[in-house]
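# Secondary and tertiary structure notes
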Amino acid sequence: MELDKMDENDWKYHGEGNKSLVVSHVQHARVLRLLKYSTEDAENSHKTTEQAFRHIQNIVDYSQNVMKPLLGEKFIHNGEAVKLPLDFVRQLSLKVQQERPESRCDKVMDTLSGCALCLPNLTQLSSCCCCSREHRPPLCIEIKPKCGFLPASRHITKDIKRKVCRFCMHQHFKLANGKWKRLSHYCPLDLFSGNKQRMSLAIKHLIEEPQNNFNIFKGGECIYTCNDDADVLQDLDELAQHLRPYFLPSGSLLSRQQSSKVVLNELIQVIVSALLSTWDCPRSGQLRKTHLSEGRVTCEASLLHRDLLRNGNHCLPKDCVLDKILSTQMLDNLDIEGLSPLFKRVEQHLQMFPKERCRLQMDGPYNASFLEKVQNCPAEDDGSIEYAVGKVHQYRVAMTAKDCSIMVAIATCGEDDGLDQSLEIQPTKPRFTCSVSILDLDPKPYESISHQSRLDYKIVNHYLRRTQPNNQELDNLEELANQSLFLGRDRDGEDCTLVFHPV
Ligand SMILES: O=P(O)(O)O[C@@H]1[C@@H](OP(=O)(O)O)[C@H](OP(=O)(O)O)[C@H](O)[C@H](OP(=O)(O)O)[C@H]1OP(=O)(O)O
Ligand SMILES: Nc1ncnc2c1ncn2[C@@H]1O[C@H](COP(=O)(O)OP(=O)(O)OP(=O)(O)O)[C@@H](O)[C@H]1O
């Protein structure tokens, strides 16, 4: 990419989240990820290009030096912080504006700094030689799985948190607040269970109600996502028509309705296989497995039949993508309730000794020493600031793993195609090669921990009110709220990307 010859016509809108907007190159498998900020911050922002560049470089460092060792080399793709010509960025912003979903237009793209993150386009298989010979463009499935376990911390004051997972409780809160109009029946604990039946159902529920947890791309174009108009149900038949050439032989005599069922089912099986694959030893019969303790793998809100939940196999092949994400999420072993007093200890320490912020790496740098603090935090609280900081760092890393996305790129391949480093799955069915990546590995700001505590309270309180009126636990919650450690302003009114808490 020649930075001095950037032309907005070579780029198109690809997608966006809460903090960044992504454009893809029309020919090369590259994307640019540009930061966004709220309109009020646009007026007040006095950030220099150097600060913006540092912010993006921090994201790169965190992904490379912290998340990559934890999640596995093979799933993480290095990005590069780049400085773009301002004129190009302004033209690009105008060009993509009309493509943006209304629900994301409360924030604007950063057109002031010219800084961005350049990444490989993960919706396109990078290591597959067969695409050149195949007419079918690669498919890519993006899943934002969210938190896959029930907390077991002794600090938990609300028993419901040991029974119903955060995602399922959060659904009710989101519905009440108008974020979504229908409940998703997806349960992350089913996806992370390692049990193929449970995983298949989890993916079926994602397809039925994708919200912001599921997208499908074909040849790099998004063909299936959540409708901005949440009243409209997803068109599964249209999706099946897109998928038909990949999963059904061309002469198939099945009716349209039958074939829809078959292809969606095939898609689900391919996704399950990819999520369970251990890239290093795909055909080894002796895969190591990660077992979770029984109580932590089933959510009472999941729609699955209790027998399946009780009797199923609950383990993930060691080192598959779900295993890596789950074990990183589980670095949060105190729950926000156990972390809050430690966060307060750190806050007080920093108030007394502001210069310690740097030594303790509260905002980075994200280097080997930061990772060392995460990995070698003492097991027991010895009352030290080092312990508190270690747990805060672990919690932030876990938050990143709870909010990342998985990209499963698949392509069909002919009989004689080589497989390179991608993995052949389902050898007896139409043949696919597949690559799995993890994206959105940004550091979560230290300050966001106070928001997490308030949000946790709101989600649980709302869920209990909704499902168990007149519950004694609510009185305890009220009391807890009054004693709340965090009296700061709610993030609902302050969330923004370019606040530049130096991360
Ligand atoms: O707190 P959660 O679980 O609602 O997660 C937020 C996500 O909401 P979700 O529940 O997935 O719809 C939220 O996603 P959406 O904007 O709702 O698509 C963001 O990913 C947010 O991260 P960040 O603050 O932008 O870095 C996420 O916030 P963090 O908690 O990761 O900071
Ligand atoms: N390297 C990539 N290749 C292809 N698509 C990408 C890539 N990075 C991001 N995307 C697409 O852009 C979307 C937004 O990116 P991303 O999730 O990083 O944004 P975000 O603002 O950090 O999200 P969040 O709301 O979780 O904070 C993704 O959901 C994905 O569809």
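Residues numbered from 1 in each chain as written. Chains lettered and ligands numbered in written order. Predicted model: local features only at pLDDT ≥ 70, side-chain atom pairs only at ≥ 80, totals over all residues. Heavy atoms only, no water.

### Some points on the site of ligand 2
For ligand 2, the set of nearby residues contains 21 residues, the closest of which are Asn18, Lys19, Ser20, Glu142 and Asp440. Here a nitrogen atom of ligand 2 sits 2.9 Å away from a polar atom, N or O, in the main chain of Leu122. Isolated, ligand 2 exposes 620 Å² of accessible area, and the fraction of that covered by the protein chains is 92%. Listed by contribution, the elements that provide at least two residues to the shell around ligand 2 are β1 (11-16), β2 (20-25), β3 (30-38) and β6 (115-120). Residues belonging to the shell around ligand 2 are distributed by class as follows: eight nonpolar, six polar and seven charged. When residues of the shell around ligand 2 are assigned to domains, at least three map to each of domain 1 (3-121) and domain 2 (122-362 + 394-496). (Near = heavy atom within 4 Å. Polar contact = N/O pair within 3.5 Å; in protein donor to acceptor, adjacent residues only side chain to side chain. Areas by Shrake-Rupley, 256 points an atom, 1.4 Å probe, with all protein chains shown as cover. Helix = DSSP H or I, 4+ residues; strand = E, 2+ residues; numbered from the N terminus. Nonpolar A, V, L, I, M, F, W, Y, C, P; charged D, E, K, R; others polar. Domains from an automatic or database assignment.)

### Comments concerning the domain arrangement of the protein chain
The assigned domain composition of the protein chain is domain 1 (3-121) and domain 2 (122-362 + 394-496). Listed as interface residues are 26 residues of domain 1 and, on the opposing side, 30 residues of domain 2. Roughly 2,500 Å² of surface becomes buried between domain 1 and domain 2 when both sides are summed, with 55% attributable to carbon and sulfur atoms. For the domain 1 face of the interface with domain 2, the top three residues by lost area are Tyr62, Phe75 and Asn121, together amounting to 26%. In this structure, the connection of domain 1 to domain 2 is made through three salt bridges. (Contact = heavy atoms within 4.5 Å. Buried area = accessible area lost by both parts, 1.4 Å probe. Salt bridge = Lys/Arg side-chain N within 4 Å of Asp/Glu carboxyl O.)

### Examining the site of ligand 1
Around ligand 1, the structure places 16 residues, and the nearest of them are Arg104, Lys179, Asp403, Lys444 and Gln452. Measuring from an oxygen atom of ligand 1, one finds a side-chain N or O atom of Lys174 at 2.7 Å. Burial of ligand 1 by the surrounding chains reaches 87%, relative to a free accessible area of 590 Å². Contributions of two or more residues to the shell around ligand 1 are made by α4 (166-176), α14 (385-403) and α15 (448-467). With three residues, the single largest contributor to the shell around ligand 1 is α4. Among the residues making up the shell around ligand 1, the classes are represented as two nonpolar, four polar and 10 charged. There are two domains that each give the shell around ligand 1 at least three residues, and those are domain 1 (3-121) and domain 2 (122-362 + 394-496).

### Thoughts on the packing of helix α2 (residues 49-71) against helix α13 (residues 368-375)
With their axes 9 Å apart at the nearest point, α2 and α13 run at an angle of 35 degrees to one another. Here α2 and α13 pass one another in a crossing that is right-handed. Facing Tyr62, Asn65, Val66, Pro69 and Leu70 of α2, the residues of α13 in contact are Phe370, Leu371 and Gln375. (Axes fitted to C-alpha atoms, helices over the stretch in contact; angles between N-to-C directions. Left-handed = near helix turned anticlockwise from the far one by under 90°.)

### Some thoughts on the pairing of β3
Most of β3 is tucked away, with eight of its nine residues classed as buried. Pairing geometry for β2 and β3, over five bridges, is antiparallel. Residue pairing in the sheet places Ser20 in a bridge with Leu35 of β3. The turn linking β2 back onto β3 is made up of four residues. Pairing of β3 with β6 involves four bridges; the strand directions are antiparallel. Its bridge partner lying in β6, Arg33 is registered against Leu117. Examined bridge by bridge, β3 and strand β5 (residues 107-109) share three bridges and lie antiparallel to one another. The partner of Ser38 across the bridge, within β5, is Lys107. (Buried < 20%, exposed > 50% of the residue type's maximum accessible area, 1.4 Å probe, protein only. Pairing = 2+ DSSP bridges.)

### Some details on the nonpolar core
Among the nonpolar cores identified, the biggest contains 77 residues, and Phe214, Phe247, Leu275 and Leu322 are the most heavily contacted of them. The residues that make up this core include at least three from each of domain 1 (3-121) and domain 2 (122-362 + 394-496). Beyond its immediate chain neighbours, meaning those up to four positions away, Phe214 contacts Ile141, Glu142, Ile143, Ile203, Leu206, Ile207, Tyr224, Thr225 and Ile271. Grouped together as the second largest cluster of nonpolar side chains are 19 residues, Phe343, Ile385, Ala388 and Val392 included. (Core = buried A, V, L, I, M, F, W, Y, C linked by side-chain atoms within 4.5 Å.)

### Side note on the pattern of salt bridges
Evaluated as defined, the whole model comprises 28 salt bridges. Taking the shortest distance from any N to any O, the salt bridge between Glu221 and Lys12 comes out at 2.6 Å. Of this pair, Glu221 sits in strand β9 (residues 221-224) while Lys12 sits in strand β1, and the two are 209 residues apart along the sequence. One salt bridge connects Asp403 with Lys146, and the closest N-O pair in it is separated by 3.0 Å. Of this pair, Asp403 sits in helix α14 while Lys146 sits in the loop between β7 (139-143) and α4, and the two are 257 residues apart along the sequence. For Asp403, a relative accessible area of 15% gives the class buried. Looking at Lys146, the relative accessible area reads 23%, which means it is partly exposed. Via salt bridges that share partners, Lys158, Lys161, Asp335, Glu337 and Asp456 belong to a single interconnected network.

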